[in-house]
Amino acid sequence: MASASKESVEAVVIGAGVGGLVAARQLVERGHTVAVIESRDRVGGRLLSAPAGPGVALDLGATWFWPNEPRVMSLIAELGVPHHPHHIAGDALYHDQNGGIRLDGNPIDVPSGRFTAGADRLAEELAAQLPDGTLRLSTAATAIAEDAVGGLQVDLSTPGGPGQLQGEHVVLALPPALAIHRIALPATLPDRVRSLAGATPVWMGSIAKVVIRYDRAFWRDRGLAGSAMSHIGPMRELHDMSGPDGDPAALFGFAPLTVPGASAPNENDIRDQLRALFGADAPDPTDITVMDWSTEADTTPPGAARLGAYQLFGHPEYQVPTLEGRLHWASTETSPVAPGHIEGAIAAGERAAAAIDAALTDESALTRGRP
């Protein structure tokens, strides 16, 4: 959006992650006018992948999906998103002060799926289905206010300067704590909802994800699954992240940053841990990428590392729109179904779209019935 002009739509979706894109697509399919605004210059949110060869990418954010998640499985099939089974065969390792202890089998992983071309392909395919002009990248919501006719006004920061969107409904498809921090919400938002949103943890908001590339998946040659657990870190768990048939060869690990001010691990610490796990004779990594989600301003607000009340995920308050039914929540944190997963984001987007469609349909019916 390149000017300060004011535009009216039926629904403004803030955030072009999977939840926001699912909500937008369903509303468009039901005949409603929609604008999706995204502060980043890309879609996907916490779905972010690094190319690793023709048709292959390694995920720096969301990675897995599971057979018991019907929404994501259905969406993958519909959009033709390439995927392959997550490698779990072999023995896992346990890392303590004595190094890597080999376990009998792999009690860490369960059967799951991986996105061959990267999880962000899911978001890109969804975005491609939206009508031209619906998606506005590099556009941030700065404030939401109730307008004189009962709708909501969204103030924007765009590459061309400030702008405004008028919407009968607004969908907050970003972590609730980030919405509270970044967007000036109406004073009429109930205090209980404001407090809940500010206290809800950000999924991956206190995590650094480490992706480690190798020339070959040497651990498989040793009968290892590539999985490990550690209580001394810096990575507290590791998993195989290789592409189909082990190409490209990769591992990934999670390094928690739950202490305020904690920093992501450096490459030397990561290499030391890998040597301790796999032995000094293990090949050296060819590349190490550290994605520190705690420093991503478009995902994680300041102080999010202190938010640990994960029982707030999917809270009943998020299931009911506020501001007279016009403000909706649609991030994975707000879903009672698979919160923190892609499945949860899809479920939240579907819930928001269904509520908006029902409200707009009722309003339309009332209007047609007037003399």
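Look above for the structure.
Residues numbered from 1 in each chain as written. Predicted model: local features only at pLDDT ≥ 70, side-chain atom pairs only at ≥ 80, totals over all residues. Heavy atoms only, no water.

Draft legend 1. Geometry of the sheet that holds strand β18 (residues 287-292). Judged by pairing direction, the sheet is mixed, and its seven strands sit side by side in the order β8-β7-β15-β16-β17-β14-β18 without closing on themselves. Of all strands in the sheet, those with a lone pairing partner are β8 (99-102) and β18, marking the two edges. Sheet twist, expressed as the mean angle between neighbouring strand axes with direction ignored, is 20°. Each of β7 (91-96), β8, β14 (207-214), β15 (224-230), β16 (237-240), β17 (249-256) and β18 touches helix α7 (residues 267-278); the most contacted strand, β7, lies at about 120° to it. (Pairing = 2+ DSSP bridges. Helix = DSSP H or I, 4+ residues; strand = E, 2+ residues; numbered from the N terminus. Axes fitted to C-alpha atoms, helices over the stretch in contact; angles between N-to-C directions. Contact = heavy atoms within 4.5 Å.)

Draft legend 2. Molecular detail of the pairing of strand β2 (residues 34-37). What you see with β2 is no split at all: Val34 and Val36 on one side and Ala35 and Ile37 on the other are buried throughout. For strand β1 (residues 6-14) and β2, the ladder comprises four bridges, and the chain directions are parallel. Looking at the pairing, Ile14 lines up with Ile37 of β2. Where the polypeptide runs from β1 across helix α1 (residues 18-29) and back to β2, its parallel neighbour, the crossover connection is right-handed. Alignment of β2 against strand β10 (residues 135-136), held across two bridges, turns out to be parallel. Residue pairing across strands places Ile37 opposite Arg136, the latter belonging to β10. (Buried < 20%, exposed > 50% of the residue type's maximum accessible area, 1.4 Å probe, protein only. Right-handed = clockwise from strand over helix to strand, strands pointing away.)

Draft legend 3. Region of the structure containing the nonpolar core. Core analysis: the largest hydrophobic core is formed by 38 residues, its most contacted members being Val18, Leu21, Val72, Phe115, Leu122 and Ile342. Elements supplying a minimum of two residues to this core: β1, α1, β2, α2 (70-79), α3 (120-128) and α8 (342-368). Residue contributions to this core peak at eight residues, all from α8. When near neighbours in sequence (up to four residues on either side) are disregarded, Ile342 contacts Val18, Leu47, Ala62, Trp64, Val72, Phe115 and Leu122. (Core = buried A, V, L, I, M, F, W, Y, C linked by side-chain atoms within 4.5 Å.)

Draft legend 4. Region of interest: the pattern of salt bridges. On inspection of all chains with the given rule, the structure shows 15 salt bridges. Close ionic contact of Asp298 with Arg182 constitutes a salt bridge, the shortest N to O distance being 2.6 Å. Residue Asp298 is located in the loop between β18 and β19 (327-329), and its partner Arg182 is located in helix α4 (residues 176-182); the two are separated by 116 residues in the primary sequence. Arg182 sits in the partly exposed class, given a relative accessible area of 28%. (Salt bridge = Lys/Arg side-chain N within 4 Å of Asp/Glu carboxyl O.)

Draft legend 5. Representation of the packing of α1 against α3 in the model. At their nearest, the axes of α1 and α3 sit 10 Å apart, and the two run at 25° to each other. What the angle tells us is that α1 and α3 run roughly parallel. Taken as a pair, α1 and α3 cross one another with a handedness that is left-handed. Residues Val18, Leu21, Val22 and Arg25 of α1 form the contact with α3, whose participating residues are Leu122, Ala123, Leu126 and Ala127. Grouping the constituent residues of the contact of α1 with α3 by class yields seven nonpolar, no polar and one charged. (Parallel < 35°, antiparallel > 145°, perpendicular 65-115°, else oblique. Left-handed = near helix turned anticlockwise from the far one by under 90°. Nonpolar A, V, L, I, M, F, W, Y, C, P; charged D, E, K, R; others polar.)

Draft legend 6. Structural view of unusual backbone geometry. With an omega dihedral of 10°, the bond running from Gly233 to Pro234 counts as a cis peptide bond. Of note, Pro234 is situated in the loop between β15 and β16. A cis amide bond links Asp247 to the next residue, Pro248, at an omega of 0°. Here Pro248 shows up in the loop between β16 and β17.

Draft legend 7. Quick peek at the side chain of Thr139. Relative to the elements of secondary structure, Thr139 occurs in the loop between β10 and β11 (140-146). Here Leu137 takes part through its backbone oxygen, which lies 3.0 Å from a polar atom of the side chain of Thr139. (Polar contact = N/O pair within 3.5 Å; in protein donor to acceptor, adjacent residues only side chain to side chain.)

Draft legend 8. How the structure looks around helix α5 (residues 191-199). Every buried residue of α5 is accounted for by Val193, Leu196 and Ala197. In an axial view of α5, the angular spread of the buried residues amounts to 95°, which keeps them on one side of the axis. Seen from the open side of α5, the exposed residues pointing more than 90 degrees away from its buried face are Asp191 and Ser195. Packing partners of the buried residues in α5 comprise α4 and β19. (Arc of directions from axis to C-beta.)

Draft legend 9. Quick look at the sheet that holds strand β6 (residues 83-85). Strand order in this open sheet of three strands is β5-β9-β6, and the pairing throughout is antiparallel. Only two strands of the sheet have a single neighbouring strand rather than two, namely β5 (64-65) and β6. Sheet topology places β6 next to strand β9 (residues 113-115); three bridges connect them, and they run antiparallel. Looking at the pairing, Pro85 lines up with Gly113 of β9.

Draft legend 10. The arrangement of the environment of Asp287 in detail. Within the fold, Asp287 resides in strand β18. Judged by relative accessible area, which is 35%, Asp287 ranks as partly exposed. Taking the C-alpha atoms as reference points, Asp287 and Pro51, 236 residues apart in sequence, are found 13 Å from one another. For Asp287, the residues in contact, after removing those within four places along its chain, are Val211, Ile212 and Arg213. One polar contact links Asp287 to Thr289, side chain to side chain, over a distance of 3.1 Å.

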